[in-house]
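Residue-level structural notes
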Amino acid sequence: MNKTFAVIRREYVERVRTRAFLISTLLLPVFMVAMAVLPALLMRGGDHTSRVAVVDASGAGLGQPVITALGTATFGDSAQVRPRYELTLFTTDTEHLDQVRSGLIAKAGFARDTQPDGWNGVLVLDADTLASGKLHYYGDDVSSPNGMGRLQREISKALAGVRLSHAGVDQALVAKAMAPADVDTAKVTDGKLTGQSGKASFVLAYAMGFILYIAILSYGSRTLTSVIEEKNSRIMEVLTSSLTPFQMLMGKVLGVGLAGLTQMAIWVGTALVLGSQGPHLAGAFGIGAAAGNFAIPSMPPSLLAVFLLYFTLGFLIYGSLYAAIGAMCNTIQEAQQYAVFVTMSIVVGFMSMFGLINNPSGMLGTTMSFIPFFAPFTMPVRWSMTAVPPTQLALSLGLMVLGLLACVWLAGRIYRTGILMYGKKPSWGELWRWIRA
Amino acid sequence: MSSISVESVTKRFAGHTAVSNLSLQVPSGGIYGLLGPNGAGKSTTIRLIMGILQPDEGRIALFGPSGSGSGRNLSSRIGYLPEERGLYKKMKVLDHLVFLGEVKGISRAEARRRALVWLERLEIANWTQKKVEDLSKGMQQKVQFAGALLHEPELVILDEPFSGLDPINAQVMKDIVVEIAAGGRTVLFSTHAMEQAERMCDRVAIIARGKLVANGTVAQVKADFGGRHVALGFSDNRPLADAVLADPRLIARMDDYGASAELKMAEGAQPEQLLAALVNAGVGLRRFEVVEPSLHAIFVAKVGSDLDATPLPVATGAAA
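What counts, and where the lines are drawn
The numbers attached to residues start from 1 for each chain and follow its sequence in the written order. Working convention: letters from A go to chains and numbers from 1 go to ligands, in the order in which they are written. Per-residue local features are limited, in this predicted model, to residues with pLDDT of at least 70; the limit for side-chain atom pairs, both in listing and counting, is 80 or more; totals at the level of whole chains, interfaces and linings are taken over all residues. UniProt positions are given in the numbering used here, feature names are shortened, and annotations may be inferred rather than shown by experiment. Helix and strand definitions follow DSSP, with helices as H or I runs of at least four residues and strands as E runs of at least two, each counted in order from the N terminus. Counts of 20 or more other C-beta atoms within 10 Å of a residue's own C-beta define buried residues, counts of 12 or fewer define exposed ones, and intermediate counts define partly exposed ones; C-beta atoms are placed from the backbone. Two residues qualify as being in contact provided that their C-beta atoms, derived from the backbone, are within 7 Å of each other. Note on terminology: a nonpolar core is a set of buried residues of type Ala, Val, Leu, Ile, Met, Phe, Trp, Tyr or Cys, with members joined through C-beta atoms within 7 Å. Note on definitions: angles span 0 to 180 degrees between N-to-C directions of axes, and those axes are lines fitted to C-alpha atoms, for helices only across the stretch in contact. Under this scheme an angle from 65 to 115 degrees is roughly perpendicular, one under 35 degrees roughly parallel, and one over 145 degrees roughly antiparallel; angles in between are oblique. Handedness of each helix crossing follows the sense of rotation of the near helix against the far helix: counterclockwise by less than a right angle gives left-handed, clockwise gives right-handed. Under the grouping applied here, Gly and all other residues not named as nonpolar or charged are polar, the nonpolar ones being Ala, Val, Leu, Ile, Met, Phe, Trp, Tyr, Cys and Pro and the charged ones Asp, Glu, Lys and Arg. Note on pairing: DSSP must find at least two bridges between two strands before they are called paired. Marked domain ranges trace back to an automatic or database domain assignment.

- An unreviewed UniProt entry lists chain B under the name ATP-binding cassette domain-containing protein, with Dyella lutea given as the organism.
- Quoted verbatim from the Sequence similarities (unreviewed entry) field of UniProt, the annotation for chain B is "Belongs to the ABC transporter superfamily."

- If you look chain A up in an unreviewed UniProt entry, it shows as ABC transporter permease from Dyella lutea.
- As stated in UniProt under Subcellular location (unreviewed entry), the record for chain A gives "Membrane".

Pasting the structure below:
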């Protein structure tokens, strides 16, 4: 046991000390922050007060209600509310419309620093507008789908209000009737509210699957590389004269796994901090409430436990398989031919997550969480998205442990013979003999 | 009591037999030399003893006839320096030694203490915190040597311990080997440097092409080889000696070094006859001495004639 521990420590310490570990550990959170912050920063570009000239040639006094409706639109967080539009009304008649419009358009679409009193847009309401709902907008921001959608919504609201009041409906009633619906989603588990929104579950599930995928793929395959390096550096002969193959295998897989877990812990910790401190951080970046949409939800402890459990088991299964492949081969190129099978099943597990996001409790999800190779991906995702029956969790974990024992046993047999085999790689028949020997 | 008992062991690799019906008894205590040309099966024999390879036939026992365990199980009592040196290149020297000690079952603190003593003794104490890859090959070899001895094993098995070392480092290592044996422990080492083996070993086994060709104490091997041997040193007129030395009635075989030669006298021939013949021929002599045959001469006589014919194994590590 002490010997295994010595191997674990060596693998762990030597790995965590490397510069590559430090860089990859730091880079991913930086990447995560960038992913959260960049879109918000980019979107902020669209958030400024637009100077809009409203030309009312409707003859029906449409201009004023439109201005009132648009004037209520704001952006920014509670600390700093700013109006979305700065509106000026030009009332005219049909004859002079063209002239007024051309005059205003001539002053529109300039960068703000060259023409401080220019317009961002010109909104023209003509005689048909009230009846047909047709109106024209000329502006520098017409290619922004968000901005135009917003404009259209606000004007529709104003038009509806005017039409209703023309039909004799009381203005106050109109305002009440037009109040927007506001849907707030919340996830239910076992008849209890979890306090997570639907969107939060999705983000969490996806992030976990991704982290697991990256970890197994990069760290699992690192056991393979490291076994081959040991074979090539001939340190293997010293090790075999001191350690049993099982000690070597377990020490390596656990040591590499722990290094992986350390990195995971740093990443997940960063994510949690980002999640809980999201608004503050967003404030620090000066992006306001826009970042609220991207805040990472806090992780419930049960989910964290399930995730870590499956992470560990999954890592050990894949790690021992990768180590066995390393023991069979002499070069990394050679090993990759075999490693493809293992990598494929990791990819299948990862891909299945996307299917699960639509239907976490379906046939596919349930079946896959009983297959040890896929369960590490599917189970945490299902756990985060839906209520998994405890019997299913127990069965899945039981099968995982059995699968792990089988893989470690198999890998140990291959390891025992393989680590000292140089030269040609074994045929399937020889491999079978190693396992039976 | 035998430290190592190898009984009728055969090991075949694809295409050739590396060790053929080999039997050895390495007694407890002293230095045992395993001699042979390249590809003779020395390393394979050592790997079999270590339990790294399994024999196809025969039986190997360590530490007495009841010792059924292989080298792997008894590893805490054995120190092993493989022929293929291997260390983790990125590890620091001291950390590496501590690790090697730990996997032999000694505590971390104790491993550290002993490692520092060894590094001091091997004159690489300044390199303690350097990475292994920054060390010269000779220094790496010393580190691995120390690693094999850290747990104070009662049996030390060294595969070509002196190869690749400069004379000063070889001297340091030799002193350590002699000291271990003087302390009552057993050392088995393989080499093809005969002079060194002759000076250090209590017992030797010479193997060629996987077979044992001579075995026993050095004196015994020499006695078994038999015959009268003469060492010659020439001062001048060396070519005049050729005719005399080519006479099969006088000389059975000769190791010619140019300015000197080691001869085995033919059956029934007397050293005096040879001396007379050389003087008559007018050869200038610096040295004429009746000697024991050197291990080198025995080695060359036993395996030398077909040294070139010895099939070198395919360059696979396990068969070397």
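**Digging into the overall build of chain B**
- If you tally the helices and strands in chain B, you get 10 helices and 13 strands.
- Each principal axis of the C-alpha distribution contributes one length, and for chain B these read about 75 × 45 × 35 Å.
- Residues classed as buried in chain B amount to 42% of the 320 residues present.

**A look at the environment of B:Asp224**
- Along the chain, B:Asp224 falls in helix H7 (residues 218-225).
- The residues touching B:Asp224, leaving out its near neighbours within four places in the chain, are B:Ala214 and B:Gly216.

**Observations regarding the nonpolar core**
- If you look at the biggest cluster of nonpolar residues, it comprises 143 residues, and the most contacted ones within it are A:Ala323, A:Ile325 and B:Ile157.
- Of all the elements, helix H12 (residues 301-328) of chain A adds the most residues to this core, at 16 residues.
- In terms of nonpolar packing, the next biggest core, distinct from the first, is built from 21 residues, A:Val54, A:Ala69, A:Trp119 and A:Val162 among them.

**Description of helix H2 (residues 93-102) of chain B**
- Buried residues dominate H2(B), accounting for nine of its 10 residues.
- Among the residues of H2(B), B:Val93, B:Asp95, B:His96, B:Leu97, B:Val98, B:Phe99, B:Leu100, B:Gly101 and B:Glu102 are the ones counted as buried.

**Considerations on the packing of helix H3 (residues 63-71) of chain A against helix H6 (residues 145-166) of chain A**
Residues and elements named next belong to chain A.
- Across the interface, H3 lies against H6 with an axial gap of 9 Å and an inter-helix angle of 135°. Classified by the angle their axes make, H3 and H6 are oblique. In this structure, H3 meets H6 at a crossing whose hand is right-handed. Of the residues in H6, those touching H3 at Pro65, Val66, Ala69 and Leu70 are Glu154, Ile155, Lys157, Ala158, Gly161 and Val162.
- Of the residues contributing to the contact of H3 with H6, the split by class is seven nonpolar, one polar and two charged.

**Focus: the pairing of strand E10 (residues 229-236) of chain B**
- The sheet contact formed by E10(B) and strand E12 (residues 260-265) of chain B spans five bridges and is antiparallel. If you follow B:Val230 over to E12(B), its bridge partner there is B:Leu263.

**Quick notes on the interface of chain A and chain B**
- Across the contact, 20 residues belong to chain A and 23 residues belong to chain B.
- Every element with two or more residues in the side of chain A that touches chain B is listed here: helix H1 (2-16) and helix H9 (235-240) of chain A.
- At six residues, H9(A) tops the list of elements feeding residues into the side of chain A that touches chain B.

**Structural notes on the domain arrangement of chain B**
- The domain architecture assigned to chain B consists of domain 1 (2-216) and domain 2 (227-292).
- Look at where the C-alpha atoms of domain 1 of chain B and domain 2 of chain B centre, and you get two points 40 Å apart.

**Here we look at the sheet that holds strand E6 (residues 136-139) of chain A**
All names here are of chain A.
- One open sheet accounts for four strands, arranged E4-E1-E5-E6; its pairing is mixed. Of all the strands in the sheet, just strand E4 (85-91) and E6 have a single pairing partner and so form its edges. Recorded for the sheet is a direction-independent mean angle of 20° between the axes of neighbouring strands.
- Where strand E5 (residues 121-125) lies against E6, four bridges are found, and the strand directions are antiparallel.

**Digging into the sheet that holds strand E1 (residues 2-13) of chain B**
Residue and element names in this part refer to chain B.
- Spatial ordering of the open sheet is given by E2-E1-E4, a layout of three strands whose pairing is antiparallel. This sheet does not close on itself; its edge strands, each paired only once, are strand E2 (16-27) and strand E4 (57-62). Neighbour-to-neighbour, the strand axes of this sheet turn through a mean angle of 15°, independent of strand direction.
- Of the pairings in the sheet, the one linking E1 to E4 comprises five bridges and is antiparallel in character. Across the sheet, the residue bridging to Ser5 is Ala61, located in E4.

**A short note on the packing of H12(A) against helix H15 (residues 375-385) of chain A**
All names here are of chain A.
- Interhelical geometry of H12 versus H15 gives an angle of 175° and a closest axis separation of 9 Å. Put simply, H12 runs roughly antiparallel to H15. In this structure, H12 contributes Leu303, Val306, Phe307, Tyr310, Phe311, Leu313 and Gly314 to the contact, and H15 contributes Ala375, Pro376, Met379, Pro380, Trp383 and Ser384.
- Across the contact of H12 with H15, the residue classes break down as 11 nonpolar, two polar and no charged.

**What to know about the environment of B:Ala148**
Residue and element names in this part refer to chain B.
- Tracing the backbone through its elements, the reader meets Ala148 in helix H4 (residues 137-149).
- Accessibility expressed as a C-beta count within 10 Å gives 23 for Ala148, which makes it buried.
- Beyond its immediate chain neighbours, meaning those up to four positions away, Ala148 contacts Gly79, Tyr80, Leu81 and Val156.

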